[in-house]
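Per-entry structural report
Here's the letter readout for the chains.
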Amino acid sequence: MRVKVADTLRAAAERLSATSDTARLDAELLMAHALGCTRTDLLLRHMQAETPAAFAALVERRMAHEPVAYITGNAEFYGLELTVSPAVLIPRGDTETLVEAAREAFASRQPPRRIIDLGTGSGALLLAVLSLWPEAEGVAIERSPEALAVARANGQHHAPTARFLSGDWTQPGWAADLGRFDLILSNPPYVEDEAELAPSVRAHEPAQALFSGPEGLNDYRLLVPQIPGLLAENGIAIIEIGWTQGAAVCALAHQAGMDARLHHDLAGRERAVEMAEMPNIPLGKGRLAD
């Protein structure tokens, strides 16, 4: 029997409400994927079409807590459409806080000439800031070969001159040939090992990109002391944090001889620490760390 897309979406959203807080949106994204169109095209042109046979299997995958981005193979970040896979974290809106902090920091001075993203995953952070400063030299490092392949594919689409390199800040000599940078970005692992996470995160997203010891601070303790060796004169680093980790990461920055300033996400939570060597140019507009 022919079932219209509109009717199928209503039923699917009702089912998905048991496992998702965004059930209707999930259903629409999955339907658009099944139809091979955008969500906008779905809503404007396909609501009376026949439901594609592939849709039911997609809903079952979402019912098992698989993230929509992994089912469809793409996610949006800072207006960019990115390829994603279970090898990389799904880019989240909270991480756009780092891009906005960088934009504010360079608003009244020369744009960054060299930018690096440490632990790039899908390449989201580097590609977002290169959309602001396309003339900059962009470099990213990633320790996972599978994630690096995803980042390189996204780089070919959005910034073909960017370089995506294998690298691991836990290993000696990883930064020996990188040089210095006007802007350093990083979204390192920062989740506590025993943290309570949604099943869609703990069961599906890559553990090595999420977890960082009992306090979620292990990678900061390794990475932050190495930041001064990568900073160009008047350069800044902006690193994502968990909302309870601001004081601890700022303390690590101070111990490494850097000023530190907190930036907040749209929900008002501490989301990033901006760092610069002391003495230095004034930091951006975020709140000064104590």
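In this report, the structure presented in the accompanying data block is examined. (Residues numbered from 1 in each chain as written. Predicted model: local features only at pLDDT ≥ 70, side-chain atom pairs only at ≥ 80, totals over all residues. Heavy atoms only, no water.)

1. Focus: the pairing of strand β3 (residues 114-118)
Within a regular beta strand, the side chains point alternately toward one face of the sheet and then the other, so they alternate between its two faces. Test applied: Throughout, exposure labels follow a simple rule: accessible area from a 1.4 Å probe, protein chains only, divided by the maximum for the residue type, with under 20% read as buried, over 50% as exposed, and the rest as partly exposed. Secondary structure elements follow DSSP: runs of H or I of four or more residues count as helices, runs of E of two or more count as strands, with numbering from the N terminus. Whether two strands pair comes down to DSSP finding at least two bridges between them. With its strands directed away from the observer, a crossover is right-handed exactly when the path from the first strand over the helix to the second travels clockwise.
In terms of burial, β3 is a largely internal element, five of the five residues being buried. Bridging between β3 and strand β4 (residues 137-142) involves five bridges; their strand directions are parallel. Residue pairing in the sheet places Ile 115 in a bridge with Gly 138 of β4. Following the backbone out of β3, through helix α7 (residues 124-132) and into the adjacent parallel β4, one traces a crossover that is right-handed.

2. As for the pairing of strand β8 (residues 258-264)
In terms of residue burial, β8 counts as a mostly covered element, since five of its seven residues are buried. Across seven bridges, the pairing between β8 and strand β9 (residues 270-277) is antiparallel. Of the residues in β9, the one forming a bridge with Arg 261 is Glu 274. Counting the residues in the hairpin turn of β8 and β9 gives five residues, including Gly 268, whose phi is positive at 85°.

3. Some words on the nonpolar core
Cut-off, in case you're wondering: Here, the term nonpolar core denotes a set of buried Ala, Val, Leu, Ile, Met, Phe, Trp, Tyr and Cys residues that are joined through side-chain atoms within 4.5 Å.
Counting 31 residues, the largest nonpolar core has Ile 115, Leu 126, Val 129, Trp 133, Phe 164, Leu 183 and Ile 238 as its most contacted members. Breaking this core down by element, the ones donating at least two residues are β2 (80-83), α6 (96-105), α7, α8 (145-158), β6 (181-186), β7 (231-240) and β9. Broken down by element, the residue count for this core peaks at seven residues, all from α7. Grouped together as the second largest cluster of nonpolar side chains are 29 residues, Ile 184, Leu 231, Ile 241 and Ala 260 included.

4. Some words on the packing of helix α1 (residues 5-16) against helix α2 (residues 23-35)
Quick reminder of the rule: For helices, the fitted line uses only the C-alpha atoms of the stretch in contact; every axis is such a line through C-alpha atoms, and the angle between N-to-C directions lies from 0 to 180 degrees. In these notes the angle categories are as follows: under 35 degrees is roughly parallel, over 145 is roughly antiparallel, 65 to 115 is roughly perpendicular, and the rest is oblique. A crossing counts as left-handed when the near helix is turned anticlockwise from the far one by less than a right angle, and as right-handed when that turn is clockwise. The contact criterion used throughout is that any non-hydrogen atoms of two residues lie within 4.5 Å. Basically, the charged four are Asp, Glu, Lys and Arg, the nonpolar ten are Ala, Val, Leu, Ile, Met, Phe, Trp, Tyr, Cys and Pro, and anything else, Gly included, counts as polar.
With their axes 8 Å apart at the nearest point, α1 and α2 run at an angle of 135° to one another. Taken together, the axis directions place α1 and α2 in an arrangement best described as oblique. Judged by the twist between their axes, the crossing of α1 over α2 is right-handed. Listed contacts from α2 to Val 5, Thr 8, Leu 9, Arg 10, Ala 12, Ala 13 and Leu 16 of α1 are Ala 23, Arg 24, Asp 26, Ala 27, Glu 28, Met 31 and Leu 35. Considered class by class, the residues forming the contact of α1 with α2 number nine nonpolar, one polar and four charged.

5. What about the packing of α6 against α7?
The N-to-C vectors of α6 and α7 enclose an angle of 35°; their axes lie 10 Å apart at closest approach. When you trace α6 past α7, the crossing you get is right-handed. Within the contact between the two elements, α6 uses Leu 98, Val 99 and Arg 103 and α7 uses Leu 125, Ala 128, Val 129 and Leu 132.

6. Focus: α2
To be explicit about the condition: The length a helix should cover is 1.5 Å for every residue beyond the first.
For α2, built from 13 residues, the straight-helix expectation of 18 Å at 1.5 Å per residue is met to within 8% by its first-to-last C-alpha distance of 18 Å. The complete set of buried residues in α2 reads Ala 23, Asp 26, Ala 27, Glu 28, Leu 30, Met 31 and Ala 32. Of the surrounding elements, those touching the buried residues of α2 are α1, α3 (39-45), α4 (55-63) and α5 (68-72).

7. Here we look at the layout of surface pockets
Here is the rule we go by: The pocket and cavity definitions rest on a 1 Å grid over protein atoms only: a 1.4 Å probe that fits but cannot leave marks a cavity, an open set with protein on both sides within 12 Å along at least five of seven lines marks a pocket, and residues lining either have an atom within 4 Å of a point. Grid points are joined across faces, edges and corners, and a volume is the space filled by probe spheres set on the points.
When its volume is computed, the largest pocket comes out at roughly 1,100 Å³. In terms of lining, the largest pocket is formed by 49 residues, of which the most central are Leu 89, Asn 187, Tyr 190, Ala 209 and Leu 210. Breaking the lining of the largest pocket down by element, the ones donating at least two residues are α7, β4 and α9 (199-202). Ranked by the residues each element gives to the lining of the largest pocket, the list is headed by α9, at three residues. A volume near 790 Å³ is recorded for the second largest pocket. Ranked by residues supplied to the lining of the second largest pocket, first place goes to α2 with five residues. Among the residues forming the lining of the second largest pocket, the class breakdown is 11 nonpolar, eight polar and eight charged.

8. Some details on the packing of aromatic side chains
Selection rule: Classification of ring pairs uses Phe, Tyr and Trp, with its six-membered ring standing for Trp, and accepts pairs whose centres are within 6.5 Å; under 30 degrees between planes counts as stacked, over 60 as edge-to-face, and the remaining range as tilted.
With the rule as written, the count across this model stands at one aromatic pair. Between Phe 106 and Trp 133, the aromatic rings sit 5.6 Å apart at their centres with planes inclined by 70°, giving edge-to-face as the arrangement. Note that Phe 106 is positioned in the loop between α6 and β3 and Trp 133 in the loop between α7 and β4, a separation of 27 residues in sequence. Judged by its relative accessible area of 13%, Trp 133 is buried.

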